[in-house]
Amino acid sequence: MKDKKAEFLTEVELEFMTLLWQLEQGSVRDVLAKMSPTRNLAYTSAATILRILEQKGFVTSTKQGKTFIYKPLLEKDAYQSRSLKKLSENLFDNTPSILVARLVDDSDMTEDALEEIRALIEKRLKNDTS
Amino acid sequence: MIQASSIFNAYININILLVVSFSLWLIVRFILNRSGMKYAYSTQLRLLNCVFLAILFSPLFVLGFNLAGQYGALPAGFSLNLSDFVLAQYLNGSFEMQAVEFEQALRLRDTLRVNLLQPTGWLGFMVAALMIAGCLGFFLRCVIAGFQLRNIIGRSYPWRRLGTLHLRLSDTTSVPFSARSLRKRYIVIPSAMLSRSEDLKIALAHEFQHFRQRDVEWEIGLELLKSVFFWNPVIYFWKRQIEQLRELACDQQVLQHKHIGVRAYCDCLLRVCRDSLANPPRDRIALPSVALVQCQRKIIGVDGVRLLQQRIESLCRSQGEMQSHRPKRWLMAVLIGLIAVSTIAIQDQSDWSQDRLMLSSIVNLERLEALNKGL
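Every residue gets a number counted from 1 within its own chain, in the order that chain's sequence is written. The lettering of chains begins at A and the numbering of ligands begins at 1, in the order of writing. Thresholds applied to this predicted model are a pLDDT of at least 70 for local features of residues and 80 or more for the giving and counting of side-chain atom pairs; totals over whole chains, interfaces and linings are not thresholded and use all residues. The basis for every side-chain value is the complete set of non-hydrogen atoms in the structure, without hydrogens or water.

Contacts are residue-level and defined by heavy atoms, with any inter-residue pair within 4.5 Å sufficient. In this complex, chain B contributes 16 residues to the contact, which on the side of chain A involves 16 residues. Throughout this description, the term salt bridge denotes a Lys or Arg side-chain nitrogen within 4 Å of a carboxyl oxygen of Asp or Glu. At the junction of chain B and chain A, the tally comes to one salt bridge. Of the charged contacts in the structure, one is a salt bridge between A:Lys56 and B:Asp171, with a shortest N-O distance of 2.1 Å. For the purposes of these results, a polar contact is taken to be a pair of N or O atoms within 3.5 Å, where, inside protein, one atom must be able to donate a hydrogen and its partner to accept one; residues adjacent in sequence count only when each atom of the pair is a side-chain atom. In this structure, the connection of chain B to chain A is made through five residue pairs in polar contact (both at pLDDT 80 or more). A helix here means a DSSP run of H or I that spans at least four residues, while a strand means a run of E at least two residues long, and both kinds are numbered starting from the N terminus. Contributing elements (two or more residues each) for the side of chain B that touches chain A: helix 7 (122-155), strand 1 (157-162), strand 2 (165-170) and helix 8 (197-212) of chain B. The element that contributes the greatest number of residues to the side of chain B that touches chain A is strand 1 of chain B, accounting for four residues. Taken together, the residues that form the side of chain B that touches chain A break down as seven nonpolar, five polar and four charged. In this classification, Asp, Glu, Lys and Arg are treated as charged, Ala, Val, Leu, Ile, Met, Phe, Trp, Tyr, Cys and Pro as nonpolar, and every other residue, Gly included, as polar.

So this is what it looks like as structure tokens:
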């Protein structure tokens, strides 16, 4: 079957990938077990979503006995960066500072969170100068 | 030129038949609505499709009538021709009109044929060019829509296969739809729907029903015919009627046979419509496919929002009145009979009958009189 590479995940796929990132690897049953009991997703539907994720190149599978074990090919950090880059391009005129400014302006941001951001920026600046 | 002339004649006849048959259909629908069959959508859809097939096969009625005349199955001098009938009425004095004007009205089809097939003036050329450009334009639109549909299906992911029916999942569409190629049939479901099992069940049941009703084939056929009869408004009204009836019939059949609640069904339609409005399709060309729900507002064709409203109202109202109506064969036979008679009646009359010779003489006398007056 011809693989169709995609850059971004749909909402359901992101839900599955988040669970796989937590599990590091797992079968369809493992992923379903990690879901909320109210989710009520059929086994076949979950298997199909994982198979599509494999076709898109987000996960890889190995067969263990009769079960397929799925493992993320893309790290969570890498996908976060990719998504932020797209968000910056589409919504913030490709200017990350506006994105950060909007984030910092958010009234829900706690003092601790702001301090954490300041520390991260200072660390990055120190690394760049050294 | 004889061949072109025959084709043009057939083209004009089918256009007239479309108008006559659609008027007949409106009368039949009015009667059905008032005889307890208002919600018998499947029966109505079958009748409408049957009328359309009768129009397409109308040349066979003419052939049969001509053969019956040749082999003596009809009384000598028997004619069903409308122009012969009107001419006889004119000569009997049933209505008054200048003979020259009456002859011009009778020869309108000939005048049109000569002006379009052998255009001499700029107006004739313009009309002929517009007709050809319109046909080509609409056909091109069909081809582009076909390629777009192929791309959407190509970008989707195989899910299951049942013989020639391929179930596929797509990230690029938010509305489930059915389509087909020459050999394969497709049902494309938005991949996000996999996580909503009730909606998935409803969408699949709905699309399977469309294949049972052969709606996809009708949709492709009508889209192609639209490019040939693009200037005739009746083809748009016809398509709109078929689109409405096929969705209403499909909803009704799914609810009757699949044990799905009306509320769950309506909720699913509204959810899909909401998803579609949140992610509007990038391509504006109508694809030759049959979707679960249409949410686009259109000036020409079915207004998706109004149709959705109509479907939900119909589902709620028709619950108590759902009955399985078998297609009324006698009604079908009457409709086909009327179309056959209309087909024969509108044929071009090229023979010189006594009445036509009489009319020609009157016209010549009127002209002579006019000349004498001028002298």
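There is more to say after this.
The pairing test for Phe, Tyr and Trp rings, Trp by its six-membered ring, is centres within 6.5 Å, and the orientation test on the planes gives stacked under 30 degrees, edge-to-face over 60, and tilted for anything in between. Under the criterion given, the structure shown has 14 aromatic pairs over all chains. Among the aromatic residues, those joined into a ring-pair cluster are B:Phe22, B:Phe52, B:Trp218, B:Phe237 and B:Trp238. Geometrically, a charge over a ring is one whose NZ (Lys) or CZ (Arg) sits within 6 Å of the ring centre while staying within 35 degrees of the ring normal. A cation over an aromatic ring shows up here: A:Lys86 above the ring of A:Phe8, its NZ or CZ 4.6 Å from the ring centre. It is B:Arg185 that lies over the ring of B:Phe211; its NZ or CZ is 5.3 Å from the centre.

With that settled, consider the pairing of strand 1 of chain B. Residue and element names in this part refer to chain B. Only strands that DSSP links by at least two bridges are regarded as paired with each other. Pairing analysis gives five bridges linking strand 1 to strand 2, with the strands arranged antiparallel. When the sheet's bridge partners are listed, Arg161 is paired in strand 2 with His166. Where strand 1 hands over to strand 2, the hairpin turn is made up of two residues, of which Gly163 adopts a positive phi near 65°.

This next bit is on the sheet that holds strand 5 (residues 290-291) of chain B. Residues and elements named next belong to chain B. Here five strands make up an open sheet; going across it, the order is 1-2-4-3-5 and the pairing mixed. Only two strands of the sheet have a single neighbouring strand rather than two, namely strand 1 and strand 5. Of the strand pairs in this sheet, strand 3 (residues 177-180) and strand 4 (residues 185-190) are connected by four bridges, and their pairing is antiparallel. For Ser178, the partnering residue across the bridge sits in strand 4 and is Ile187. Axis definition: a line fit to C-alpha positions, over the contact stretch in the case of helices; interaxial angles, taken between N-to-C directions, run 0 to 180 degrees. Against the sheet, helix 8 touches strand 1, strand 2, strand 3, strand 4 and strand 5, its axis set at about 155° to strand 4.

The next thing to look at is the state of the cysteines. All names here are of chain B. Here, the term disulfide refers to a pair of cysteine sulfur atoms separated by no more than 2.5 Å. The tally for this structure, following the rule as stated, stands at zero disulfides over all chains. The closest cysteine sulfur to the non-disulfide-bonded Cys250 is located on Cys268, 12 Å from its own sulfur. Looking at the unpaired Cys268, the closest cysteine sulfur is the one in Cys266, lying at 9.7 Å. By relative accessible area, which is 0% here, Cys268 ends up buried. Exposed residues in this analysis have more than 50% of their type's maximum accessible area, buried residues have under 20%, and partly exposed residues fall in between, with area computed by a 1.4 Å probe over protein chains only.

Right, let's talk about the domain arrangement of chain B for a bit. All names here are of chain B. As assigned here, chain B comprises domain 1 (1-106 + 328-375) and domain 2 (123-327). Each of domain 1 and domain 2 was reduced to a C-alpha centroid, and the two centroids are 35 Å apart. Counting from both sides, the interface comprises 30 residues of domain 1 and, opposite them, 29 residues of domain 2. A 1.4 Å probe defines the accessible area here, and the buried area is the portion of it lost by two parts on being joined, summed over both. When domain 1 packs against domain 2, close to 2,800 Å² is buried across both sides, 69% of that on carbon and sulfur atoms. Domain segmentation is taken from an automatic or database assignment of domains.

All right, on to the domain arrangement of chain A then. The assigned domain composition of chain A is domain 1 (11-72) and domain 2 (76-129). Between the C-alpha centres of domain 1 of chain A and domain 2 of chain A the distance comes to 30 Å.

The biggest cluster of nonpolar side chains holds 62 residues, and the ones touching the most others in it are A:Phe16, A:Leu50, A:Leu53, B:Trp159, B:Ile189 and B:Tyr265. In contact with B:Ile189, other than residues within four places in its own chain, are B:Trp159, B:Arg168, B:Leu169, B:Ser170, B:Pro176, B:Leu200, B:Ala203 and B:Leu204. To qualify as a nonpolar core, a set must consist of buried Ala, Val, Leu, Ile, Met, Phe, Trp, Tyr and Cys residues joined through side-chain atoms within 4.5 Å. Listed in part, the 37 residues of the second largest apolar core include B:Ile55, B:Trp218, B:Leu331 and B:Leu335.

This part covers the confidence of the model for chain A. Values of pLDDT, which run from 0 to 100, indicate the predictor's confidence residue by residue. Of the residues in chain A, 95% have a pLDDT of 70 or more, and the chain-wide mean is 87. Element-level pLDDT for chain A is lowest in helix 5 (residues 96-105) of chain A, with a mean of 82, against a maximum mean of 94 in strand 2 (residues 67-72) of chain A.

Turning our attention to the packing of helix 8 of chain B against helix 11 (residues 262-278) of chain B. Residues and elements named next belong to chain B. The geometry of helix 8 relative to helix 11 is characterised by a closest axis approach of 10 Å and an angle of 90° between their N-to-C directions. For the element pair helix 8 / helix 11, the angle class is roughly perpendicular. Here Glu198, Asp199, Ile202 and His206 of helix 8 lie close against helix 11, whose contacting residues are Ala264, Tyr265, Cys268 and Arg271. Note on terminology: angles under 35 degrees are roughly parallel, angles over 145 are roughly antiparallel, angles of 65 to 115 are roughly perpendicular, and the others are oblique.

Taken residue by residue, helix 6 (residues 108-117) of chain B has B:Arg109, B:Asp110, B:Arg113 and B:Leu116 as its buried positions. The buried residues of helix 6 of chain B occupy an angular sector of 145° when the element is viewed end-on, so they sit on one face. What the arc covers is the set of directions going from the helix axis to the C-beta atoms.

Let us now look at unusual backbone geometry. Residue and element names in this part refer to chain A. Positive phi values are uncommon outside glycine, yet Glu24 reaches one of about 75°. According to the relative accessible area criterion, Glu24 is exposed, its value standing at 59%. Residues other than glycine seldom take positive phi values, yet Asn40 does so here, at roughly 55°. Inspection of the secondary structure puts Asn40 in the loop between helix 2 (28-34) and helix 3 (43-55).

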